[in-house]
Every structure is written in C-alpha cells, then in structure tokens.
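Here are the chains, one letter per residue:
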Amino acid sequence: MELTGAEIVVQALKEEGVEYVWGYPGGAVLHIYDALFQEKAVQHILVRHEQAATHAADGYARATGNVGVALVTSGPGATNAVTGIATAYMDSIPMVVLTGQVPTPFIGSDAFQEVDITGITRPCVKHNFLIKRVEDIAETMAKAFYIARTGRPGPVLVDIPKDVTDPNIRIPFEYPKKVSMRSYKPVEKGNARQVRKAVELMVKARRPVIYTGGGVVLGEASDELRKLVAHTDFPVTNTLMGLGSVAASDSHFLGMLGMHGTYEANMAMHEADLIIAIGARFDDRVTGKLAQFCPNARIIHVDVDPASISKNVRVDVPIVGQVKPVLRDMLKFLKERKSGPDKAALKEWWARIETWRDVNCLKYVNSDKVIKPQFAIETLHKVTKRRNFYLTSDVGQHQMFAAQFYPFEKPRRWINSGGLGTMGFGLPAAMGVQQAFPKATVACVTGEASIQMCIQELATCSQYDLPLKIILLNNGYMGMVRQWQEFFYDKRYSHSYVDALPDFAKLAETYGHVGMTIENPGDLEAAYKEAFGMKNRLVFMNVIIDPEENVYPMIEAGKGHHEMHMSPHLSAERELA
Amino acid sequence: MRHIISVLIENEAGALARVSGLFAARGYNIESLTVAPTQDETLSRMTLVTYGDEMIIEQIIKQLNKLVDVVKLLDLSDGPHIERELMMVKVKAEKGAREEMKRMADIFRANIIDVTDSSYTIELTGAGEKLDAFLTAVNDDLIMEVVRSGPLGISRGAKGLGL
C-alpha cells in the first residue's frame, strides 16, 4: 500500500486504536487535515483553543487509561498547547501531541508561524521528535505511542514539517508491529527480594500507614491496593491524584493527606513508624516541611520511575516496578508467612487514629442564608451518588472542597490538574471524559476565575452535543489566592477580586445551553436534580456561594504535618470542651 | 564531591540539548561536558564532570538514565579510572624568553605545535591538575590564550563501556 505522509499519520492513529483526536487546523497541518477528512474511523473534535485540545485529550486519557491525542498547527497552535502538555507531564498522563511545523527547508529561518516547539517543550514532555523524512513517520508514531503509555506515562510530542506530509509523495506503508528501543526499557516487575524486605517491615510495624498517589490509578492497581488494605488492616491515605483508588467509604481510608488533608491522615503520617508509599512522589504539597516529615518512620517506596525514589525523601526500601505486579507479590508474600501484621499493635494504633477522627476536622457551620461551598459539594454527592459519575475540576478552593467533600468510590472518577495546578483544565477535560463515556454523567466543578480561562469551549460542547453539568462555585474571588492573602498578607486582597463578571447563566444560553443561577441553600438540591435530570443538555449552574469561606484544615507551606490550622470555630469548640 | 560520568547517547539531533537542558532546569552543577561520536556512528559518548552531595549525584544519574535518548551510563568515579584533558596555550615567546618557554614545555612533556617569531602554541595533555600546574608555572603576562577540552575519562581494566 502506497500512502502520503499525511495518510501515514492518520493510518498510524488507526493502528494505535485512536478513536478521537482533539485539534485545531492551520497551515502546517492542512495535508493531515485533508487525510483526516477522508477517514471515518478517527473522529476529530474541533476545539476553540489549542490549550483545550490538550486538556480534552488529557481528560480522555485520565478517564480511560488510553493515550489521548491532540493535533495542532505550527507556531501559535503549538505554543498554545504547551500549558496542556505541561499539565499532562506533571501528572504523568499518556498523551501524543502532533504539531505541524514549517517545511524542512524553512526550519531555522524564522518563517511564518515557525517556533522551535521541540526546544520549547523539551523540559515538559516525556520525549519529543522532529520528523524529517516521510520514511520515518510510521516508526516515529509507533515509538511516540509506545513511550507515552509505557513505564511512567507522559506526553510525547511529534513535530511534523509540512513537506513531510506532501500529498504528491507516496511511499509504501507498513506499521511496526512491535517497538523495541535500546535506549528505553521500562521496568516491569519489582525485585522480589526488595518486596520481601518490605513485607518484613510491614509485619513488624506498630504504626503503619499506606500512602498512595496517582501511580495506583495510572497503574490500574486499585484492586490490588484494596486487597492489601483489607488483608493488613492498615490505615490508608491518598494524595489528591490518588483519590478513588481505595473506596472513600472504606473505614481504613483516612481521607486525603497534605496541605488540605484531613487531621487524621496528617497526624497518622506524623506519628507513623512505617510509611508504605505506593505510586506517590512525595510532592511538597503532601510532605510539608521535609525535615519534619514522618520523623519516626521507616519508608518503603514503590514506584515505576527510579528517579522518583529518594528524590525528596530518603527511603529505606526502594522498589522499582509497576505498582500492580509489586502489590500482587507483596500480598502473596504476606499470605505465605505464618504470622501476619501485629494485631495488638494495630488495635492500639487504630484507637489512636479514632481520637484524631473524632476531631471531625472537615466540620463546617452551614447556613440557611448563603450557600457554603462544602454544602454545595455534599449536595452534589447526594444527588449524583447513584449515577455513573465523573467529576472534573479546575484549580483552587473549589478543587480542594471537591477533594475533601466528594467521596470517590472508584479510580479514574476524579479528574483534576494536581501537579501543575492549571486553571482552565476542568471544562475541556470534562469534554474529553464525556466523549469517551457518552452515557455517563460528567460534571465539572469550577470557579468563576478558572472557568473564564477556557470558557470558549462552551461552543465545542454545543457543536458536539456534550451534556456536561458545570457547577460554578461563584464567590467573586480567586478564592485560594484570597485565602492566602487573608492569612499571610493581612487581608490585603491584591487583585484577587474578580470584577466585571458576566451573567454566566445568560452566557451559557447564548452558546445554546441551559443556564441557572442558584443563590439560596434551600434551592440547591432541587436545582441540581433538575439540572442532572436534563439528560441531553449542558447545564451551567452558577452557584453563588459565601465569598469568604476558607479551606480547612490547612498546613502552611513549609510547616510540618502536625502544625495544621483548623477551622476557627472548630478550634473554639475544642477550647470550650 | 566531584564525579565524572560517561554517557552513551543516541547520536540524534537535540540529544545534547536534552542533557544540558536537564542540568539547567534542575539546577545541577556542571563543570565540563564533552561530546563526540564513537566508533559506532549511531552513538555519541559524553563525559560530564559534576559535583554535589550523594543524594544529588544519585538524582543526576537517575535523571540522565530517564532521558529516552540515553542508552548507557557509568559513574567513573565509582571505580579506578583514567582522566585526560587536552589544553592548547598560546604564549608570548620573544627573544630572550624563547629558550625558557621551550624548557618549560619540555619539563611538562608538552609539544610546541605552532611557532611565530613572537609566540609559541603549546599542546599539553594530562590530568586536570597537571594542566593547572603548567598555567601556574608560566608567568600570567605571557599567556595570550587558553583552550581546554574538559576531561575525558575511561575506566581501568579489561571491561569496556559498550552496548
């Protein structure tokens, strides 16, 4: 079969099982768009800004585990995609981004719409390629997908100059059946001796905590983790990226840890004598001050990326391997032993943890006059808990409230930008999820600042009939910025008030959607029910909330896990008691 | 501590930028970096000199290994190894001083590779300290230009670093 370069690009997508490509055409990718026009197996979704193309591909990848694909043109098309690429990179999301490039003879001449996108993205991709010959397209595409989805996943960018996809040049096409690279050999199983060492520490531990991150979700190891938790009776806490890998309703679950984690999770980490870190990377938002992090604990760390191990925190038992087979081995070795974990010690440990739980650190004072953001999320859970439900979020207070108050029971259901913290992520990510699961209920919780960073995508939702439910927790402020200014800058609210807001309900209507404004706590549940009842419509709910509510508990940047700020009324209650 | 690291890397466009970019982005120290193709034209060999505490060096090695283009890597400082650096120095060599400069070159087993009526260009190979010693021995006023390759390294013994 003889194909043009553009046709080879599209055939490669088919070979890789790609169903959707999010993109935006332009000069350098016109040949590819022409080939795409004639191909029915790969559906192209036209976004309204290239950042959204990468976020949508990213959301799709997070929800399905497949590689997300975006296609953009050279120059500004490519630079607009950079934020989305960096977002995927920080959270290890498998993605292939195809960028057009000026024709090879023009590269380096400052040609129209030329940027050195492989140079620009080098620090925020897992790998990137610049294809210089049509003969190299098939192999490079196969390598790009292979690198993106194996090992620690990540985004791979493929830059394709226009002349390489010339419709007048045809070459024989054959797609590589298997990719093998001498310079890239991702690890699989962990070293059994290391796993046995870990098991020995686990049975001796008196105050163990399992701390897991996005790696368990990415590595499809949620079942194995749940079995490990059930078998050991160890307490478990998740990072923001790991929520859902154990059921929130499981009594072993301590909630999220870190800066806005629960009191019980952070205190358990602080007093633990053994930390079993699985697919987590000891991020600063999780550890707080490193010198005070888990001062009494030995640390086991399971990660597919050797560079994650002992990067921020020195560990005692490193295990490099895919999380899933490592956890299987761990469980097998535990079961083979005559004696298991120390039951008496665990009983004591759980009793201590229950005293922290009794603090009820997430308690807030509800109001019948103004909607509290916590109440908005709790009510959202009440209305959606029986649905096949996915929740995406933007970045800020609403993200933390959702993480704290929406109990996720399954992995891949909570989709948010953790590492990079990208405002504008939520809506396009939800589009990607909805495209993957047309029958599921997909909601995006957002803020009035975040949503405006990618609000143009309401048009894409209209064009492709994506019935998203957008819950805008509108407090008129960049809430998290305002919270920090309240705490650390004497309430000098420098430029965190979001003035000149549009009427969001009307704005949604002009895009052909349903808009609602909800101001009374008493109306909220009924409004949600009405909105979620509209199966085929996008409903934009502008929920006016308490403007100055704060996220608690909070550990200030650079403080230890035991130095949490609790909600002021909670502290007052405790003093009275 | 000072470490000298050998890296075999795919001889592809951008490979060098990936390595230098990694050091810049992560704030690692880099004292010298040399790179050239090997007998296998698809591979380049890089010699890096860096310094840092044990945890940093461990991270540098892991991060280098993580680069998709890096095929193999060896921290030469882990075992016995040989280091050599090439230096070319252009010095003033006028009338009475010519003999003295020639003698100095001989003492250091250096070669004079270019001569004019007022200058010598001297080539000197050895460990970095030897090159430093030569520069210290020659009067600063006489030195016009210095170019050094940065160290190259290879391990001692019969085992070679290859695929």
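Procedures and definitions
Per-chain numbering applies: the sequence of each chain, read as written, is numbered from 1 onward. All chains are assigned letters beginning with A, and all ligands numbers beginning with 1, in the order in which they are written. Residue-level local features of this predicted model are given only where pLDDT is at least 70; pairs of side-chain atoms are given and counted only at 80 or more, and the full residue set underlies all totals for whole chains, interfaces and linings. The basis for every side-chain value is the complete set of non-hydrogen atoms in the structure, without hydrogens or water. Secondary structure is summarised from DSSP: a helix means a run of H or I of at least four residues, a strand means a run of E of at least two, and numbering begins at the N terminus for each. Think of it in three bands: with a 1.4 Å probe and only protein chains considered, a residue is buried below 20% of the maximum accessible area for its type, exposed above 50%, and partly exposed in between. A contact between two residues is defined here by any heavy atoms of the two lying within 4.5 Å. Residue burial considers only the protein chains on display, and all accessible areas are found by Shrake-Rupley using a 1.4 Å probe. Charge assignment in this entry is limited to Lys and Arg as positive and Asp and Glu as negative, and neither His nor the chain termini are counted. Positions of charges follow a simple convention, taking NZ of Lys, CZ of Arg, CG of Asp or CD of Glu. What gets called buried area is simply the loss in accessible area from a 1.4 Å probe that two parts show on being joined, summed for both. Salt bridges are defined by distance alone: a side-chain nitrogen of Lys or Arg within 4 Å of a carboxyl oxygen of Asp or Glu. Two N or O atoms form a polar contact when they lie within 3.5 Å of each other; inside protein one atom must be a possible hydrogen donor and the other a possible acceptor, and for residues adjacent in sequence the pair counts only when both atoms belong to side chains. By the convention used here, strands pair only if DSSP detects at least 2 bridges between them. Every angle, taken between N-to-C directions, lies between 0 and 180 degrees, and every axis is a line fitted to C-alpha atoms, over only the stretch in contact when it is a helix. What is meant by a nonpolar core is a set of buried Ala, Val, Leu, Ile, Met, Phe, Trp, Tyr and Cys residues, joined one to another through side-chain atoms within 4.5 Å. Cavities and pockets were defined on a 1 Å grid built over protein atoms only: a cavity is a set of grid points that admits a 1.4 Å probe from which the probe cannot escape, a pocket is an open set flanked by protein on both sides within 12 Å along at least five of seven lines, and lining residues are those with an atom within 4 Å of any such point. Grid points are joined across faces, edges and corners, and a volume is the space filled by probe spheres set on the points. Side-chain classes follow a simple rule in which Ala, Val, Leu, Ile, Met, Phe, Trp, Tyr, Cys and Pro form the nonpolar group, Asp, Glu, Lys and Arg form the charged group, and the remainder, Gly included, forms the polar group. Pairing of aromatic side chains requires ring centres within 6.5 Å, counting the rings of Phe and Tyr and the six-membered ring of Trp. Pairs whose planes differ by under 30 degrees are stacked, by over 60 edge-to-face, and all others tilted. Here, over-ring charges are defined by two tests on the NZ atom of lysine or the CZ atom of arginine: distance to the ring centre within 6 Å, and angle to the ring normal within 35 degrees. The labels follow the angle: roughly parallel below 35 degrees, roughly antiparallel above 145, roughly perpendicular from 65 to 115, and oblique for the rest. Left-handed describes a crossing in which the near helix is turned anticlockwise from the far one by less than a right angle; the clockwise case is right-handed.

Participant: I'd love a proper account of the overall build of chain B, names of residues and values included.
Facilitator: Counting secondary structure elements, chain B contains four helices and nine strands. Its C-alpha atoms give chain B principal-axis dimensions of roughly 55 × 35 × 30 Å. In chain B, which comprises 163 residues, the proportion classed as buried is 40%. Across chain B, every contact between residues at least 6 apart in sequence was considered, and the portion connecting residues at least 24 apart equals 73%. Looking at chain B as shown, the accessible area adds up to about 8900 Å², and 53% of this sits on carbon and sulfur atoms. Side chains of chain B carry 19 positive and 25 negative charges; the gap between the two charge centres is 2 Å.

Participant: Let's hear about the interface of chain B and chain A: which residues, and what values?
Facilitator: Tallying the contact residues gives 21 residues for chain B and 20 residues for chain A. Interface of chain B and chain A: buried area, both sides summed, is about 1700 Å²; carbon and sulfur atoms make up 47% of it. Counting the surface chain B buries against chain A, the share from its top three residues, Arg18, Met55 and Val68 of chain B, is 39%. The interface formed by chain B and chain A includes four salt bridges. Taking the shortest distance from any N to any O, the salt bridge between Asp305 of chain A and Lys66 of chain B comes out at 2.8 Å. Inspection of the region where chain B meets chain A yields nine residue pairs in polar contact (both at pLDDT 80 or more).

Participant: Give me the sheet that holds strand S7 (residues 155–161) of chain A: which residues, what numbers.
Facilitator: Through backbone hydrogen bonds, the strands of a sheet pair up, either in parallel or in antiparallel fashion. All names here are of chain A. Spatial strand order, S3-S2-S4-S5-S7-S6: six strands in an open sheet with parallel pairing. One side of each edge strand has no neighbouring strand; the edge strands of this open sheet are strand S3 (43–46) and strand S6 (127–130). Along the sheet, successive strands turn relative to each other by an average axial angle of 20 degrees, direction set aside. Examined bridge by bridge, strand S5 (residues 95–101) and S7 share seven bridges and lie parallel to one another.

Participant: I'd like a description of the nonpolar core, backed by residues and values.
Facilitator: Residues and elements named next belong to chain A. In terms of nonpolar packing, the biggest core is built from 102 residues, with Ile275, Ile278, Met330, Leu391 and Met541 touching the most fellow members. Sort the elements by how many residues they give to this core and helix H12 (residues 323–336) lands first, with seven residues. Here Met541 is in contact with Lys469, Ile470, Ile471, Leu472, Met516, Ile518, Tyr528, Ala531 and Phe532, once residues within four sequence places are set aside. Counting residues in each nonpolar core, the second largest holds 51 residues, with Tyr60, Ile117, Leu466 and Ile470 among its members.

Participant: How would you summarise the pattern of salt bridges if you had to cite specific residues and measurements?
Facilitator: The full count for this structure, using the stated rule, is 39 salt bridges over all chains. In this structure, Asp91 of chain A engages Arg62 of chain A in a salt bridge whose closest nitrogen and oxygen atoms are separated by 3.1 Å. Of this pair, Asp91 of chain A sits in the loop between helix H4 (76–90) and S5 while Arg62 of chain A sits in helix H3 (residues 50–64), placing them 29 residues apart in sequence. No difference in accessibility class separates Asp91 of chain A from Arg62 of chain A, as the two residues are buried. Residues Glu31 of chain B and Arg2 of chain B are paired through a salt bridge, measuring 4.0 Å at the closest nitrogen-oxygen approach. Taken together, the residues span a long stretch of sequence, with Glu31 of chain B in the loop between helix H1 (15–25) and strand S2 (32–37) and Arg2 of chain B in strand S1 (residues 2–10) at a distance of 29 residues. Through salt bridges with shared partners, one network takes in Asp58, Arg62 and Asp91 of chain A.

Participant: Now, about empty space enclosed by the protein: what can you tell me, with residues and values included?
Facilitator: In total, this model carries two cavities of 30 Å³ or more according to the counting rule given. If you go around the largest cavity, the residues you meet are Cys361, Leu362, Lys363, Tyr364, Gln374, Phe401, Phe405, Glu549, Asn550, Tyr552, Ser567 and His569 of chain A. A class-by-class count of the residues in the lining of the largest cavity yields six nonpolar, four polar and two charged. The space that makes up the second largest cavity amounts to roughly 30 Å³. In terms of lining residues, the second largest cavity is bounded by Arg45, Leu74, Leu76, Ile154, Ser155 and Leu161 of chain B. Tallied by class, residues from the lining of the second largest cavity come to four nonpolar, one polar and one charged.

Participant: Account for the packing of aromatic side chains, with residues named and values stated.
Facilitator: Residues and elements named next belong to chain A. As enumerated under the stated definition, the model contains 23 aromatic pairs over all chains in all. Centroid distance Phe173 to Tyr175: 6.3 Å. Interplanar angle 35 degrees. Geometry classified as tilted. When sorted by exposure, Phe173 lands in the same class as Tyr175, which is buried. Grouped by ring-pair contacts, the aromatic residues Phe389, Tyr406, Phe408, Trp414, Tyr528 and Phe532 constitute a single cluster. Sitting over the face of the ring of Tyr477, Arg482 holds its NZ or CZ atom 5.7 Å from the ring centroid.

Participant: Just give me the short version of the sheet that holds strand S14 (residues 317–320) of chain A, but keep the residues and values in it.
Facilitator: All names here are of chain A. Here six strands make up an open sheet; going across it, the order is S11-S10-S9-S12-S13-S14 and the pairing parallel. Edge positions in the sheet fall to strand S11 (253–256) and S14, since each has one partner strand and no second. Averaged over neighbouring strand pairs, the angle between their axes works out to 15 degrees when direction is ignored. Sheet analysis places strand S13 (residues 298–303) next to S14, joined by four bridges and oriented parallel. Counterpart to Val302 in the pairing with S14 is Ile319. Set on the sheet, helix H9 (residues 222–232) makes contact with strand S9 (208–212), strand S10 (236–238) and strand S12 (274–278); between it and S9 the angle comes to about 170 degrees. In the packing of H12 onto the sheet, the strands contacted are S12, S13 and S14, and the crossing angle to S13 comes to about 130 degrees.

Participant: Can you lay out the environment of Asp78 of chain B for me, pointing to particular residues and giving the numbers?
Facilitator: By the element assignment, Asp78 of chain B lies in the loop between strand S4 (70–75) and strand S5 (81–92). Sequence separation between Asp78 of chain B and Phe134 of chain B is 56 residues, and the spatial gap between their C-alpha atoms is 28 Å.

Participant: Before we move on, can you summarise the packing of H3 of chain A against helix H16 (residues 426–436) of chain A with the specific residues and values?
Facilitator: All names here are of chain A. Taken N-terminus to C-terminus, the directions of H3 and H16 make an angle of 50 degrees; their axes are 6 Å apart at the nearest point. Compared by their axis directions, H3 and H16 come out oblique. Read as a crossing pair, H3 and H16 show a hand that is right-handed. Residue-level inspection shows Ala52, His55, Ala56, Gly59, Tyr60, Ala63 and Thr64 of H3 in contact with H16, the latter providing Pro428, Ala429, Met431, Gly432, Val433 and Ala436. Considering only residue class, the contact of H3 with H16 consists of nine nonpolar, four polar and no charged.

None of this, on its own, says anything about what the molecule does.
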